[in-house]
Amino acid sequence: MIFGVRRASPDFWRTALAALVAVCAGCAPGLGPTTPLATRSLGNSSGAGGRCLIVFLPGRRDHFGDYERRRFPEIAAKAGVTADFLEADAHIGYYRAETIVIRLHEDVIAPARARGAEKIWLVGISMGGLGAILYASQYSEELRGVIALAPFLGDQEPRLVEAAGGLRSYTMGAPRQIGDYERHLWGWLKSYAAEGAIRPPIWIGFGAEDHLAPADRLLAEALPPGRTFVEPGDHDWKTWTRLWQKVLDAGILQRDCR
């Protein structure tokens, strides 16, 4: 299974890219990946370097710095989260280059470990939520948890999961093509949910009117109670900010980052 290896195959990423590009009419053209993947520190909430790190991954139409502009670290700090905050410029160019997972690992997560970070969380919106789950599927032992807000989870396979009656009763069929991205993603999610959804724990949030909500609900229904947050709203920052506040009100990060 593709998700069982450290590096996804080129065919996997080509299919993943096709799915992303299909819904990416508003993406900025010509974005090329750099090595290392660029990051920016958004400060910390303790006044000194801590052992807890929260890494933010952007959506497909977002820009480097949007998490800071939307005050996500500030809101978390005010809610009592003690952590270092980091934003990664993980734009769609890394998906085009088939390097998003390895660049996150080698340029962000592994160096953070070397600097003393012991508890690492990924927070991703839309495409960033997908990237966070992809990373978790290959490097589960590196993360304390994933918070995916309105994650993109595919176009075709969610319909088959729904037709099967949900993720628990869904059976992954033979790939429709080499490196069938969606089928492998949902096949891994089924195994993940069947094993208790604990390595690493994933929380999901989405707007009730979001066009991605039907697919997100399929995953939410297979997660343990308390792992899902829903707010009125669409696929936009206003909704995601309310969802972020809901996550913080639940104390998920505070329990681990204090």
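What counts, and where the lines are drawn
- Residues numbered from 1 in each chain as written.
- Predicted model: local features only at pLDDT ≥ 70, side-chain atom pairs only at ≥ 80, totals over all residues.
- Heavy atoms only, no water.
- Helix = DSSP H or I, 4+ residues; strand = E, 2+ residues; numbered from the N terminus.
- Buried < 20%, exposed > 50% of the residue type's maximum accessible area, 1.4 Å probe, protein only.
- Areas by Shrake-Rupley, 256 points an atom, 1.4 Å probe, with all protein chains shown as cover.
- pLDDT = per-residue confidence, 0-100.
- Contact = heavy atoms within 4.5 Å.
- Salt bridge = Lys/Arg side-chain N within 4 Å of Asp/Glu carboxyl O.
- Pairing = 2+ DSSP bridges.
- Axes fitted to C-alpha atoms, helices over the stretch in contact; angles between N-to-C directions.
- Right-handed = clockwise from strand over helix to strand, strands pointing away.
- Core = buried A, V, L, I, M, F, W, Y, C linked by side-chain atoms within 4.5 Å.
- Expected span 1.5 Å × (residues − 1).
- Polar contact = N/O pair within 3.5 Å; in protein donor to acceptor, adjacent residues only side chain to side chain.
- Disulfide = S-S within 2.5 Å.

S.K.: Can you tell me about the overall build of the protein chain, naming the residues and giving the values?
M.R.: Each helix and strand counted, the protein chain has 11 helices and seven strands in total. Buried residues in the protein chain amount to 56% of all 258 residues. Of the roughly 10,700 Å² of accessible surface on the protein chain, a fraction of 52% belongs to carbon and sulfur atoms.

S.K.: So what about the confidence of the model for the protein chain? Which residues, and what values?
M.R.: In low-pLDDT segments, the atomic positions of the prediction should not be examined closely. Chain-level statistics for the protein chain give a pLDDT mean of 87 and a share of 86% at 70 or above. Confidence drops under a pLDDT of 50 for residues 1–15, and excluding neighbours within four residues, the segment shows 42 contacts in the predicted structure. Residue range residues 21–29 is modelled with pLDDT below 50. Its contacts to residues more than four positions away, or to other chains, number 13 contacts.

S.K.: An account of the pattern of salt bridges is requested, with residue identities and associated values reported.
M.R.: One pass over the full model with this rule turns up 14 salt bridges. Across the pair Glu 157 and Arg 176 runs a salt bridge whose closest N-O atoms are separated by 2.8 Å. Taken as a pair, Glu 157 in helix H7 (residues 157–163) and Arg 176 in the loop between H7 and helix H8 (181–194) lie far apart in primary sequence, 19 residues in all. A residue is classified by how much of its surface remains accessible, and Glu 157, at 0% relative accessible area, is buried.

S.K.: So, the sheet that holds strand S5 (residues 145–149): which residues are in play, and what are the values?
M.R.: One open sheet holds the seven strands; their spatial order is S1-S3-S2-S4-S5-S6-S7, and the pairing between them is mixed. Here the strands that pair on one side only, and so sit at the sheet edges, are strand S1 (39–44) and strand S7 (228–231). Taking each pair of neighbouring strands and ignoring which way they run, the sheet shows an average axis angle of 15 degrees. The sheet contact formed by strand S2 (residues 52–57) and strand S3 (residues 84–88) spans four bridges and is parallel.

S.K.: For the pairing of S2, give the residues involved together with the corresponding values.
M.R.: The element S2 is largely enclosed, with a buried count of six among its six residues. With burial as the criterion, each face of S2 is covered, one bearing Cys 52, Ile 54 and Phe 56 and the other bearing Leu 53, Val 55 and Leu 57.

S.K.: Outline the pairing of S5, listing residues and values.
M.R.: Judged by how many residues are buried, S5 sits mostly within the fold: five of five residues are covered. Alternating positions in S5 separate into two faces, Gly 145, Ile 147 and Leu 149 on one and Val 146 and Ala 148 on the other, with burial throughout. In the sheet, strand S4 (residues 119–125) pairs with S5 via five bridges, with the strands oriented parallel. Each residue of the ladder has a partner; that of Val 123, found in S5, is Ile 147. Tracing the backbone out of S4, into helix H6 (residues 127–138) and back to the parallel element S5 gives a crossover that is right-handed.

S.K.: How would you explain the environment of Arg 96 if you had to name every residue and give the values?
M.R.: Mapped onto the fold, Arg 96 is located in helix H4 (residues 92–96). The exposure class assigned to Arg 96 is partly exposed, which follows from its relative accessible area of 34%. C-alpha of Arg 96 to C-alpha of Pro 33: the two residues are 63 residues apart in sequence and 8.5 Å apart in space.

S.K.: Residue-level account of the nonpolar core, with values.
M.R.: Judged by nonpolar contacts, the single largest core of 55 residues is most densely connected at Val 55, Ile 133, Val 146, Leu 167, Trp 186 and Leu 219. In this structure, Trp 186 is in contact with Leu 153, Glu 157, Pro 158, Val 161, Leu 167, Tyr 170, Ala 215, Leu 218 and Leu 219, ignoring residues within four places of it in sequence.

S.K.: Can you break down H6 residue by residue, with the values?
M.R.: Compared with the 16 Å implied by 1.5 Å per residue over 12 residues, the 17 Å span of H6 between its first and last C-alpha is a close match. Taking burial as the measure, the 12 residues of H6 include 12 buried ones, the bulk of the element.

S.K.: Which residues make up the environment of Arg 144, and what values do they have?
M.R.: Its location among the elements puts Arg 144 in the loop between H6 and S5. Along the sequence, Arg 144 and Pro 200 sit 56 residues apart, while their C-alpha atoms lie 6.0 Å from each other. Only 2.5 Å separates the side chain of Arg 144 from the side chain of Asp 256, close enough to count as a polar contact.

S.K.: Go over the state of the cysteines, please, and point to the residues and values.
M.R.: Scanning the model with the defined rule gives one disulfide in all. Between Cys 52 and Cys 257 runs a disulfide, and the two sulfur atoms are separated by 1.8 Å. Remark: Cys 257 occurs in the segment after helix H11 (252–256) and Cys 52 occurs in strand S2; sequence separation between them is 205 residues. Cys 257 carries the same exposure label as Cys 52, and that label is buried.

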